[in-house]
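# Coordinate analysis (summary)
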Amino acid sequence: ERPPTWRNHSPCIALGQPLCRHRMPPSSDQLAVLDAAHEALPVELVEVRPGRTLAIHSQPRPGAEQTVLFVHGSCGSLLQWKDQIALAAKERAVVAFDTFGCGRSPKPPEWDAYSFAELRDDLAAVLARFSVPGRTMVVVAHSAGCSLALAVAAASLASTPPGPPIDGLCLMGAFAEPPRVPSIFYLPTFVLSLMQPRLSAGFEALALHADTRAGKTAARRYLLGLAPAVNAANDMFMCKAYYRQLSAPSKEEIQSVGAEVPCLLIAGEDDALVPPESTAELHALLSSGAPSEMHS
């Protein structure tokens, strides 16, 4: 099935009611960036749970001893993992997907569709689908995707019998408690849609390191072009529903993961969205169990 494009995104929703779309579509340059990125990382639309279809990129690599599952951050895209996927795929099976509402996954105008619990269960379903007996599973996650990965790991450990195992976690820009929801996400969706270009520019200024914004390497120029293109294709109803329902596992759940799963935490010294102090709080909880490492 052909993945959706921005042209068939769901209409904006204001105050819970459908309205005509008040949004600027991606520019021709942004569409060209997305088209090239999509060609490099093709996906299949897979129903991972009843009523939940996700755009999934996978490279199975028969005989591999490990699968690496990539989980992107809030309102992002699997496209951010292009270089990491290429590196991992040399020796490992790899899987990456667009979370519900993001990238090439469906974007229904339903508030509960973007709850933390639903997104957590989606990740659990992807994990179960690509788990192979005798092959280790490592999850590499970024930002809010780290909270989903920790929640899935905790739920798997607590279930009887345990769910598909996660043998290692690499968490980048992770936090123990989600940031406070910006008050702007309480505005009507059509207002957010009109503000979308400025909101995206502000987010990119915080999310992209100064070296990335300088664009001195091909990889950094790729991210510099990709970030505004992905943001422009986002549906603001999805963004509003996502951030208003953003959550994280409890301290007890985090500690249970730390006791059983080796974790590597990576924090950016100049991260303006998730400062290293936030990641250090998570590290303290995880390190009360199994050994974990944090690098900044």
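Residues numbered from 1 in each chain as written. Predicted model: local features only at pLDDT ≥ 70, side-chain atom pairs only at ≥ 80, totals over all residues. Heavy atoms only, no water.

### Remarks on the environment of Lys-82
Turning to its location among the elements, Lys-82 is positioned in helix α2 (residues 82-88). Along the backbone, Lys-82 and Tyr-222 are 140 residues apart, and their C-alpha atoms lie at a distance of 9.6 Å. Each residue touching Lys-82, except ones within four places of it in the same chain, is listed here: Leu-41 and Tyr-222. (Helix = DSSP H or I, 4+ residues; strand = E, 2+ residues; numbered from the N terminus. Contact = heavy atoms within 4.5 Å.)

### So, the nonpolar core
Core analysis: the biggest nonpolar cluster contains 57 residues, and Leu-69, Leu-169, Leu-171 and Leu-282 have the highest contact counts within it. Ranked by residue count, the leading element in this core is helix α4 (residues 144-158), at nine residues. If you look at the next biggest cluster of nonpolar residues, it comprises 24 residues, including Leu-34, Val-43, Ala-55 and Val-68. (Core = buried A, V, L, I, M, F, W, Y, C linked by side-chain atoms within 4.5 Å. Buried < 20%, exposed > 50% of the residue type's maximum accessible area, 1.4 Å probe, protein only.)

### A look at the packing of helix α3 (residues 116-130) against α4
Following both chains from N to C, one finds α3 and α4 inclined at 70°, their axes separated by 9 Å at the closest point. Taken as axis vectors, α3 and α4 run roughly perpendicular relative to one another. For the pair α3 and α4, the sense of crossing is right-handed. Where α3 abuts α4, its residues Phe-116, Leu-119, Arg-120, Leu-123, Ala-124 and Leu-127 lie against Ser-147, Leu-148, Ala-149, Ala-151 and Val-152. Its residues assigned to classes, the contact of α3 with α4 shows nine nonpolar, one polar and one charged. (Axes fitted to C-alpha atoms, helices over the stretch in contact; angles between N-to-C directions. Parallel < 35°, antiparallel > 145°, perpendicular 65-115°, else oblique. Left-handed = near helix turned anticlockwise from the far one by under 90°. Nonpolar A, V, L, I, M, F, W, Y, C, P; charged D, E, K, R; others polar.)

### Focus: the packing of helix α9 (residues 251-258) against helix α10 (residues 276-286)
Axis separation between α9 and α10 bottoms out at 7 Å; the angle between their running directions is 65°. Within the contact between the two elements, α9 uses Lys-251, Ile-254, Gln-255, Val-257 and Gly-258 and α10 uses Leu-282, Leu-285 and Leu-286. When grouped by side-chain class, the residues that make up the contact of α9 with α10 number five nonpolar, two polar and one charged.

### Focus on helix α1 (residues 28-40)
Under the 1.5 Å per step criterion, the end-to-end length of α1 is 19 Å for 13 residues, consistent within 8% with the ideal 18 Å. When α1 is considered as a whole, its buried residues turn out to be Gln-30, Leu-31, Leu-34 and Ala-37. Seen from one end, α1 has its buried residues packed into an arc of 130°, which puts them on one side. Away from the buried face of α1 by more than 90 degrees, exposed residues Ser-28, Asp-29, Asp-35 and Glu-39 are located. Packing partners of the buried residues in α1 comprise α7 (218-233). (Expected span 1.5 Å × (residues − 1). Arc of directions from axis to C-beta.)

### Brief notes about a nonpolar patch on the surface
A cluster of nonpolar residues, Phe-203, Leu-206 and Leu-273, forms a patch on the protein surface that exposes about 230 Å² of accessible area. Looking at where Leu-273 falls in the secondary structure, it is placed in the loop between β9 (263-266) and α10. Of the residues examined, Leu-273 reaches a relative accessible area of 34% and is grouped as partly exposed. (Patch = residues over 30% accessible without salt bridge, like charges linked within 9 Å, V, L, I, M, F, W, Y side chains within 5 Å. Areas by Shrake-Rupley, 256 points an atom, 1.4 Å probe, with all protein chains shown as cover. Salt bridge = Lys/Arg side-chain N within 4 Å of Asp/Glu carboxyl O.)

### Some points on the pattern of salt bridges
Taken as a whole, this structure holds five salt bridges when the rule is applied. Linking Arg-49 and Glu-118 is a salt bridge whose minimum nitrogen-to-oxygen distance equals 2.6 Å. Residue Arg-49 is found in strand β3 (residues 44-49), and its partner Glu-118 is found in helix α3; the two are separated by 69 residues along the sequence. Residue classification places Glu-118 among the partly exposed residues on the basis of a relative accessible area of 27%. Between Asp-122 and Arg-49 there is a salt bridge, with its nearest N and O atoms 2.9 Å apart. You can see Asp-122 sitting in helix α3 and its partner Arg-49 sitting in strand β3, a full 73 residues away along the chain. Judged by relative accessible area, which is 1%, Asp-122 ranks as buried. When salt bridges that share partners are traced, they join Arg-49, Arg-52, Glu-118 and Asp-122 into one network.

### Topic: the confidence of the model for the protein
This prediction gives the protein a mean pLDDT of 89; 90% of its residues lie at or above 70. Below a pLDDT of 50 lies the segment residues 1-22, which in the model reaches 51 contacts outside its immediate sequence neighbourhood of four places, other chains included. (pLDDT = per-residue confidence, 0-100.)

### Topic: the side chain of Ser-147
In this fold, Ser-147 is placed in helix α4. The exposure class assigned to Ser-147 is buried, which follows from its relative accessible area of 1%. Once residues within four sequence positions are removed from consideration, Ser-147 is found in contact with Phe-116, Phe-175, Ser-247, Ala-248 and Pro-249.

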